[in-house]
Amino acid sequence: MNVSNYGTPLRLANEGKITLYGPEGFEGMRRAGHLAAEALDLVAEHIRPGVTTEFIDQFVFSFAMQHGVVPATLNYRGYPKSCCISLNHVVCHGIPGSRTLIDGDILNVDVTFIVDGWHGDSSRMYTAGHISRKAERLIEVTYEAMMRGIDIIKPGATVGDIGYAIQKYAESERCSVVRDFCGHGVGLVFHDKPNILHYGTPGEGPVLEAGMIFTVEPMINLGKAHVKMLSDGWTAVTRDRSLSAQFEHTVGVTPTGVEVFTLSPRGWHKPPYPPQL
């Protein structure tokens with residue numbers, strides 16, 4: 001694959017190859033990513049003790065309907081809700097329901113909107129009431145780990161470089177990196193190549209090229225990295241019931257570095273968000 005392809009909107013036809021997108025693709029992803037980030041900004045205003053996760057999901061659904069877009073998770077492979085909400089020891093893919101937030105909860109809200117065919121995928125951590133210092137620290141470490149991975153991205157770097165940067169930092173802070181789930185290519189397809197592991201060895205894995213679009217979404221645990229699936233077939237939890245956190249951005253590789261499509265319009269990148277100050 002040649003970096004010169006960046007100048008044209010190209011989807012590689014050969015099965016197994018990584019999709020490269022041109023300027024039209026990047027513009028589509030800016031629109032989709034901005035809308036997902038806008039929704040996550042507004043979600044922050046509703047996170048407090050006494051609110052159910054179902055209420056948050058309904059808010060995300062209503063936001064999507066008001067903007068004429070589709071929540072990508074709704075009915076995706078049988079998933080029943082418009083977003084994923086993962087509380088405390090839930091690692092990812094928590095299904096919203098009747099659970100009421102209580103003081104001290106931490107939660108990840110993961111939103112993907114399909115905007116004119118483009119998938120804007122992002123997640124952010126939130127806190128309900130007053131959280132423990134260990135939970136606060138986990139959130140800080142997880143956000144920093146994601147950003148260290150993103151800072152590595154440029155043509156010529158590898159997927160292993162991203163994973164190594166995340167793993168090295170998280171483990172230096174005495175946290176563990178979940179290995180059962182990874183980031184993924186995204187664009188006109190919800191889940192595409194390449195897989196973005198959040199651990200790895202420098203120089204290994206696919207080489208990054210301008211036009212690649214994917215997510216970086218590390219899941220970091222306070223305890224051990226092991227997870228297990230619940231009987232609903234979706235919800236993943238830490239085996240040792242330790243707290244878990246996750247942040248997610250959708251990014252594109254540019255000729256000179258990286259563009260983040262899902263930055264918060266309000267600058268609310270991690271908690272505490274202004275409504276809670």
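This section reports on the structure supplied with the text. (Residues numbered from 1 in each chain as written. Predicted model: local features only at pLDDT ≥ 70, side-chain atom pairs only at ≥ 80, totals over all residues. Heavy atoms only, no water.)

## Describing the overall build of the chain
To keep it simple, the criterion reads: A run of H or I in DSSP becomes a helix once it reaches four residues, and a run of E becomes a strand once it reaches two; helices and strands are each numbered from the N terminus. Between the two quantities, the radius of gyration covers C-alpha atoms and the globule rule is 2.2 Å times the number of residues to the power 0.38. Residue contacts are counted whenever heavy atoms from the two residues lie within 4.5 Å of one another. Note on areas: Shrake-Rupley, 1.4 Å probe, and residue coverage restricted to the protein chains presented here. In this charge count, Lys and Arg are treated as positive and Asp and Glu as negative; neither His nor the chain ends contribute. One atom stands in for each charge, and that atom is NZ of Lys, CZ of Arg, CG of Asp or CD of Glu.
Along the backbone of the chain there are 4 helices and 15 strands. For 277 residues, the compact-globule estimate of 2.2 N^0.38 gives 19 Å, and the chain sits close to it at 18 Å. Within the chain, contacts between residues at least 6 apart in sequence are counted, and of these 69% link residues at least 24 apart. Summed over all atoms, the accessible surface of the chain reaches about 11500 Å², with 52% contributed by carbon and sulfur. Of note, the chain has its 24 positive side-chain charges centred 5 Å away from the centre of its 29 negative side-chain charges.

## Notes on the environment of Ile 102
To keep things clear, this is the line we draw: In this scheme, a residue with accessible area under 20% of its type's maximum is buried, one over 50% is exposed, and one in between is partly exposed, where area comes from a 1.4 Å probe on protein chains only.
Locating Ile 102 in the fold gives a position in the loop between strand S3 (90-92) and strand S4 (106-115). Residue classification places Ile 102 among the partly exposed residues on the basis of a relative accessible area of 48%. For Ile 102 and Val 51, which are 51 residues apart along the polypeptide, the C-alpha to C-alpha distance reads 8.3 Å. Setting aside its immediate chain neighbours within four residues, Ile 102 contacts Pro 49 and Ala 128.

## Here we look at the packing of helix H1 (residues 23-43) against helix H2 (residues 53-66)
Keep this limit in mind: Here, axes are lines fitted to C-alpha atoms. For helices the fit covers the stretch in contact, and angles between N-to-C directions go from 0 to 180 degrees. Angle categories are assigned with fixed cut-offs, so that under 35 degrees is roughly parallel, over 145 is roughly antiparallel, 65 to 115 is roughly perpendicular, and the rest are oblique. With the far helix as reference, a near helix turned anticlockwise by less than a right angle produces a left-handed crossing, and one turned clockwise produces a right-handed crossing. Residues were grouped as follows: Ala, Val, Leu, Ile, Met, Phe, Trp, Tyr, Cys and Pro as nonpolar; Asp, Glu, Lys and Arg as charged; and all remaining residues, including Gly, as polar.
Contact geometry for H1 and H2: axes closest at 11 Å, N-to-C directions at 140 degrees. Between H1 and H2, the angle is such that the two are oblique. In the crossing of H1 with H2, the sense of the turn from one axis to the other is right-handed. Taken together, the residues of H2 that come into contact with H1 (itself represented by Leu 35, Glu 38, Ala 39, Leu 42 and Val 43) are Ile 56, Phe 59, Val 60 and Phe 63. Of the residues contributing to the contact of H1 with H2, the split by class is 8 nonpolar, no polar and 1 charged.

## Quick look at the pairing of strand S5 (residues 118-127)
So the rule is basically this: At least two bridges found by DSSP between two strands is the condition for calling them paired.
Counting buried positions along S5 yields 10 of 10 residues, so the element is predominantly enclosed. Taking the residues that link successive antiparallel strands as the turn, the S4-S5 hairpin has 2 residues, and the phi of Asp 116 there is positive, at about 55 degrees.

## A few points about helix H4 (residues 159-172)
Since the α-helix advances by 3.6 residues per turn, residues separated by three or four positions end up pointing in the same direction. Threshold: One fewer than the residue count of a helix, multiplied by 1.5 Å, yields its expected span.
Helix length check: H4, at 14 residues, gives a terminal C-alpha distance of 20 Å against a target of 20 Å (1.5 Å per residue), a fit within 8%. Burial within H4 is extensive, with 10 of its 14 residues counted as buried. Listed as buried for H4 are Val 159, Gly 160, Asp 161, Ile 162, Gly 163, Ala 165, Ile 166, Gln 167, Tyr 169 and Ala 170. On the buried face of H4, the contacting elements are helix H3 (133-151), strand S6 (176-177), strand S8 (192-196), strand S9 (213-216) and strand S10 (219-221). Just beyond H4, the residue with positive phi is Arg 174, at close to 65 degrees.

## A few points about the side chain of Thr 238
You can see Thr 238 is positioned in strand S12 (residues 236-238). According to the relative accessible area criterion, Thr 238 is buried, its value standing at 0%. Leaving out residues up to four positions away in the same chain, Thr 238 has contacts with His 89, Val 91, Asn 221, His 226, Val 227 and Ser 244.

## Quick look at the sheet that holds strand S13 (residues 244-246)
Taken in spatial order, the 3 strands make up an open sheet running S6-S10-S13, and their pairing is antiparallel. Strand pairing shows two members of the sheet lacking a second neighbour, S6 and S13, which therefore form its edges. Across 3 bridges, S10 lies against S13 in antiparallel orientation. The residue of S13 that forms the bridge with Ile 220 is Ala 245. H3 contacts S10 and S13 of the sheet and is inclined by roughly 35 degrees relative to S13.

## Topic: the state of the cysteines
Note the following rule: Count a disulfide wherever a pair of cysteine sulfur atoms falls within 2.5 Å.
Applying the stated criterion to the full structure yields 0 disulfides. Cys 83 takes part in no disulfide bond, and the closest cysteine sulfur, belonging to Cys 84, lies 6.9 Å away. In this model Cys 92 remains outside any disulfide bridge; the closest cysteine sulfur is found in Cys 84, 7.8 Å from its own. The exposure class of Cys 92 is buried, given its relative accessible area of 5%.

## Quick word on the pattern of salt bridges
Formally: Note on definitions: salt bridges are taken to be side-chain nitrogens of Lys or Arg within 4 Å of carboxyl oxygens of Asp or Glu.
Counted by the stated rule, this structure contains 12 salt bridges. A salt bridge links Glu 140 to Arg 133, with the nearest nitrogen and oxygen atoms 3.4 Å apart. Residue Arg 133 is classed as partly exposed on the basis of its relative accessible area, which comes to 49%. Linked by salt bridges that have partners in common, Glu 27, Arg 30 and Glu 259 make up one network.

## Notes on unusual backbone geometry
Cis peptide bonds are those with omega within 30 degrees of zero, and the linkage from Lys 193 to Pro 194 qualifies with 5 degrees. Its location among the elements puts Pro 194 in strand S8. In this chain, Pro 271 is followed by Pro 272 through a cis amide linkage whose omega measures 5 degrees. Tracing the backbone through its elements, the reader meets Pro 272 in the segment after strand S15 (258-260). In the Ramachandran plot, Arg 77 falls in the positive-phi region, its phi being about 50 degrees despite a non-glycine side chain. Residue placement: Arg 77 occurs in the loop between strand S1 (70-71) and strand S2 (84-87). Phi is positive for Asn 88, close to 55 degrees, though the residue is something other than glycine. Note that Asn 88 resides in the loop between S2 and S3.

These values are about where atoms sit, not about what they do.
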